[in-house]
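A structural walkthrough
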Amino acid sequence: MRSIVLLFCTFLFLFQNTEAGNHFLLPADKEKKEARELEKKARGRYLWLGIGLSHVKLIDNATSPLLYKGVEFPFISLGYLAHSEKKVRTFEFDYSSGSLKTRTNTDWQDLRTSSYYIVMRYSQLYRLRQILNNKINWYLGPEVNFNGHIRYNEKYENSAVTYDNYFGLGICNRFEFPFRIRTRKLRLSWQLSSPIVSFLIRPSYVTMVHYFDSNIMSTISTEGGFFTPFNIRSQMEIYYVLKNQNMFKLSYIWNFYHHNPGYNKAQSAFHGIQFSFIFKFNNHKEKK
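In what follows, the accompanying structure is described. Since the structure is predicted, the reported quantities are computational estimates derived from the model, not experimental observations.

**Considerations on the packing of aromatic side chains**
According to the stated counting rule, one finds 12 aromatic pairs in the structure shown. Taking the centre distance of 6.0 Å and the plane angle of 20° together, the rings of F175 and W190 count as stacked. Taken together, the positions of F175 in strand β6 (residues 161-181) and W190 in strand β7 (residues 184-203) put the pair 15 residues apart, joining distant regions of the chain. Measuring from centroid to centroid gives 5.3 Å for F177 and F179, while their planes differ by 15°, and the two rings are stacked. Look at F177 and you get partly exposed, because its relative accessible area is 31%. Judged by relative accessible area, F179 falls into the partly exposed class, the value being 23%.

**Describing the pairing of strand β2 (residues 64-83)**
Both strand β1 (residues 44-60) and β2 contribute to a ladder of 15 bridges, which runs antiparallel. Counted as the bridge partner of W48 is G79 from β2. Direction of pairing for β2 relative to strand β3 (residues 87-100): antiparallel, over a ladder of 10 bridges. Bridge pairing in β3 links G79 to E92.

**Description of the pattern of salt bridges**
One pass over the structure, following the stated rule, counts 12 salt bridges. With a closest N to O distance of 3.6 Å, R233 and E92 form a salt bridge. Of this pair, R233 sits in strand β9 (residues 230-241) while E92 is found in strand β3, placing the two residues 141 residues apart along the sequence. Here R233 and E92 have matching classes, each one buried. Among the salt bridges present, the one from R121 reaches E143, with a minimum N-O distance of 2.8 Å. Here the residue R121 occupies a position in strand β4 (residues 113-131), and E143 occupies one in strand β5 (residues 136-152), the gap between them amounting to 22 residues. The pair formed by R121 and E143 is uniform in burial state, with each residue classed as buried. Salt bridges here are not isolated pairs; linked through shared partners, they connect E92, D94, R121, E143 and R233.

Each value, and the rule that gives it
- Residues numbered from 1 in each chain as written.
- Predicted model: local features only at pLDDT ≥ 70, side-chain atom pairs only at ≥ 80, totals over all residues.
- Heavy atoms only, no water.
- Phe/Tyr/Trp six-rings, centres within 6.5 Å; stacked < 30°, edge-to-face > 60°.
- Helix = DSSP H or I, 4+ residues; strand = E, 2+ residues; numbered from the N terminus.
- Buried < 20%, exposed > 50% of the residue type's maximum accessible area, 1.4 Å probe, protein only.
- Pairing = 2+ DSSP bridges.
- Salt bridge = Lys/Arg side-chain N within 4 Å of Asp/Glu carboxyl O.

The structure is reproduced here in structure tokens:
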């Protein structure tokens, strides 16, 4: 009986000396946990909405060897940002649509192509080091992305619809330079990412709009591997911090895609300019 009482008292003592029922922590572990909690509380959390326009260049030999290009509007972005000096986490959804033209258009033959561009990205980056006299923060971490580009050209009739959809897992670099102009706080950032391993879905053959193949798998070509397809994305941004900690952001995005399996080569370049309003929804005071 004494053993049971002693065991119970020991258990009660350990329980009272842990936080919120967590496991018993050594002093060093406790300090690390507290430091993590403080860093987490200091992290700003934001939602943003952006609008702008984009310019797309495209060659898809599955449809035509011609170069198509044009301005797309609107270019819309919705996103989430969790930001601190040590960690940056983002989730972003982009949508752009418009018409692409070729130089061979004539008055009697309009080869205009409708273009629909969708991108989703999630990245979790950690500060690797500070460079250039500690003026620039260098972040590095993984990124998961989905890229979808659907094209429709009704003039081709039996080869009107084509698309490129690919999922990727890769590495993302981010460089940030915080600075001031008089009393105003600004931040310049450049994010560069590329998927290392990807899974690609393309049509095996280009089809009519209202045609449905009962053997649906015969219409889909799937590939995957390292740098298949090749994709690189660059995103430059400048943030203007308001007194209430909300922000304005001006962005320039460049996204390059290339895939050539030996037939039906596809290649595109996306350029986007966008203005965003960023709303901060946690109310901690920023460190000075």
